[in-house]
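# A closer look at the structure
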Amino acid sequence: MLPRLITKLVGWAVAVFYDVERTGPKLPPGPVLVTANHPNALIDPLVIFRTGGRPTRPLAKAPLFDQALVGTVLKGLGGLPVYRRRDDPELMHLNDRTFGAAIEALCRNEAVQIYPEGQSHSEPALAPLRTGAARIALLAEESSSWNLGLKIQPVGLTYTRKHLFRGRVVAAFGEPILVAHHRAAYQDDPREAARLLTQELQEHLEAVTLNVDAPDEVELVEVAERLYSRGKQMAGFRERVPMDQRLPRMQDFARGLRWLRASDPEAFGRLRHAVN
């Protein structure tokens with residue numbers, strides 16, 4: 001009951017500061033490894049708690065567990081510490097214990113959340129994923145003779161005005177990945193299977209996130225989407241369109257911007273200059 005109560009409380013807290021939306025399928029029952037991009041540090045897990053619909057045990061960097069408030073919340077949620085070389089290289093060996101605890105939780109049909117980029121950042125695109133999430137998932141299935149039914153749930157987090165009160169965030173839940181499909185590859189070569197599963201997860205996360213090549217291009221995409229939606233009378237001039245509706249159009253414009261940069265750099269430069 002305690003993790004469920006804390007999940008509700010911290011989910012409520014993030015909804016006070018942000019306008020939180022969600023889109024996509026519900027978090028599936030049974031064992032689930034929730035994987036998300038990481039654009040907003042401690043806020044990202046709270047958004048998952050708010051939108052996930054069930055408690056999820058977070059993996060978080062170890063120093064957070066020593067903080068009075070954050071550490072208490074993490075421990076109450078059954079959080080699992082991740083030991084990073086930059087924090088204390090002598091504690092890196094403890095990650096084996098953390099991985100084991102995550103695998104045990106999944107084998108008990110729990111949900112665990114992890115951020116496979118490895119760190120929070122403000123870059124305008126998804127960073128290359130590390131293989132930790134894939135290795136946990138594959139080891140959990142192997143320990144259950146490939147009968148666990150574990151799913152990896154990709155979640156894309158997209159913010160607007162993320163540093164301001166009543167900024168907006170949408171959690172886009174993508175199609176889950178069934179880990180057991182990688183059984184043959186894992187039995188042939190575990191490292192290659194982890195690489196392939198990580199690549200698949202990267203593609204799934206890119207499908208539910210906004211990705212551009214430079215920070216100022218986010219504004220280009222947002223302006224283009226607003227002009228388009230109002231020109232097509234999808235929204236009034238002052239109407240606040242839900243982010244779950246805006247995100248697919250913004251993704252289309254981001255792909256179009258990338259195409260314009262590659263096919264006509266001069267036109268791209270003029271557009272960039274006009275908006276800036």
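Up top you'll find the structure we're talking about.
Keep in mind that this is a model prediction, so the values were computed, not measured.

### Digging into the overall build of the chain
Looking only at helices and strands, one finds ten helices and eight strands in the chain. Computed over its C-alpha atoms, the radius of gyration of the chain comes to 20 Å, within 12% of the 19 Å expected for a compact globule of 276 residues. A principal-axis box enclosing the C-alpha atoms of the chain has dimensions of 55 × 45 × 35 Å. Buried positions account for 47% of the 276 residues belonging to the chain. Once local pairs closer than 6 in sequence are excluded, the contacts in the chain between residues at least 24 apart make up 72%.

### Here we look at the packing of helix α8 (residues 217–231) against helix α10 (residues 265–275)
The relative placement of two packed helices comes down to the angle between their axes together with the axis-to-axis distance. At their nearest, the axes of α8 and α10 sit 10 Å apart, and the two run at 85° to each other. Regarding the angle of α8 to α10, the classification is roughly perpendicular. Together, E217, E219, L220 and V223 of α8 and F268, L271, R272 and V275 of α10 make up the contact between the two elements. Of the residues in the contact of α8 with α10, the class split is five nonpolar, no polar and three charged.

### Some thoughts on the layout of surface pockets
Here the largest pocket defines a volume of roughly 970 Å³. What lines the largest pocket is a set of 38 residues, and nearest its centre among them are L59, A60, K61, V82 and G118. Empty space within the second largest pocket amounts to approximately 520 Å³. Those elements that provide at least two residues to the lining of the second largest pocket are β6 (151–160) and α8. Residue contributions to the lining of the second largest pocket peak at four residues, all from β6. Classifying every residue of the lining of the second largest pocket gives ten nonpolar, eight polar and six charged.

### Digging into the pairing of strand β2 (residues 32–36)
Of all five residues in β2, five are buried, a share of seventy percent or more. Neither face of β2 is open: one carries V32, V34 and A36, the other L33 and T35, and all of them are buried. Where β2 lies against strand β5 (residues 111–114), four bridges are found, and the strand directions are parallel. Each residue of the ladder has a partner; that of T35, found in β5, is I114.

### Remarks on a nonpolar patch on the surface
A cluster of nonpolar side chains, namely W12, V16, F17 and F165, defines an oily patch on the protein surface of about 430 Å² accessible area. Its location among the elements puts F165 in the loop between β6 and β7 (167–173).

### Some thoughts on the environment of R270
Structurally, R270 can be placed in helix α10. Along the backbone, R270 and R108 are 162 residues apart, and their C-alpha atoms lie at a distance of 56 Å.

### What about the packing of helix α4 (residues 95–107) against helix α5 (residues 132–143)?
Where α4 contacts α5, the axes come no closer than 9 Å and their chain directions differ by 55°. As far as their axial angle goes, α5 and α4 are oblique. In the packing of α4 onto α5, the handedness of the crossing is right-handed. Where α4 approaches α5, its residues F99, A102, I103, L106 and C107 are matched on the opposing element by G132, R135, I136, L139, A140 and S143.

### Observations concerning the environment of Q113
Residue placement: Q113 occurs in strand β5. Taking the C-alpha atoms as reference, Q113 lies 10.0 Å from P154; in sequence the two are 41 residues apart. Q113 has contacts with V34, P45, I48, F49, T56, R57, P58 and L59, leaving out every residue within four places of it along the chain. For Q113, the side chain forms a polar contact with the side chain of Y115, separated by 2.6 Å.

### Looking at unusual backbone geometry
The phi angle at N109 is positive, at roughly 65°, despite the residue not being glycine. Of note, N109 is situated in the loop between α4 and β5.

### Looking at the packing of aromatic side chains
Summed over all chains, the structure comprises five aromatic pairs. Pairing F17 with F165 gives two aromatic rings, centres 5.6 Å apart and planes at 80°, and the pair type is edge-to-face. Taken together, the residues F17 in helix α1 (residues 2–17) and F165 in the loop between β6 and β7 connect sequence positions 148 residues apart. Relative to F253, the ring of Y228 has its centre 5.8 Å away and its plane inclined at 70°; by these criteria the two rings are edge-to-face.

Cut-off values and rules
Residues numbered from 1 in each chain as written. Predicted model: local features only at pLDDT ≥ 70, side-chain atom pairs only at ≥ 80, totals over all residues. Heavy atoms only, no water. Helix = DSSP H or I, 4+ residues; strand = E, 2+ residues; numbered from the N terminus. Rg over C-alpha atoms; globule rule 2.2 N^0.38 Å. Buried < 20%, exposed > 50% of the residue type's maximum accessible area, 1.4 Å probe, protein only. Contact = heavy atoms within 4.5 Å. Axes fitted to C-alpha atoms, helices over the stretch in contact; angles between N-to-C directions. Parallel < 35°, antiparallel > 145°, perpendicular 65-115°, else oblique. Nonpolar A, V, L, I, M, F, W, Y, C, P; charged D, E, K, R; others polar. 1 Å grid on protein atoms, 1.4 Å probe; cavity = no way out; pocket = protein on both sides within 12 Å on 5 of 7 lines; lining within 4 Å. Points joined across faces, edges and corners; volume = space filled by probe spheres on them. Pairing = 2+ DSSP bridges. Patch = residues over 30% accessible without salt bridge, like charges linked within 9 Å, V, L, I, M, F, W, Y side chains within 5 Å. Areas by Shrake-Rupley, 256 points an atom, 1.4 Å probe, with all protein chains shown as cover. Salt bridge = Lys/Arg side-chain N within 4 Å of Asp/Glu carboxyl O. Left-handed = near helix turned anticlockwise from the far one by under 90°. Polar contact = N/O pair within 3.5 Å; in protein donor to acceptor, adjacent residues only side chain to side chain. Phe/Tyr/Trp six-rings, centres within 6.5 Å; stacked < 30°, edge-to-face > 60°.

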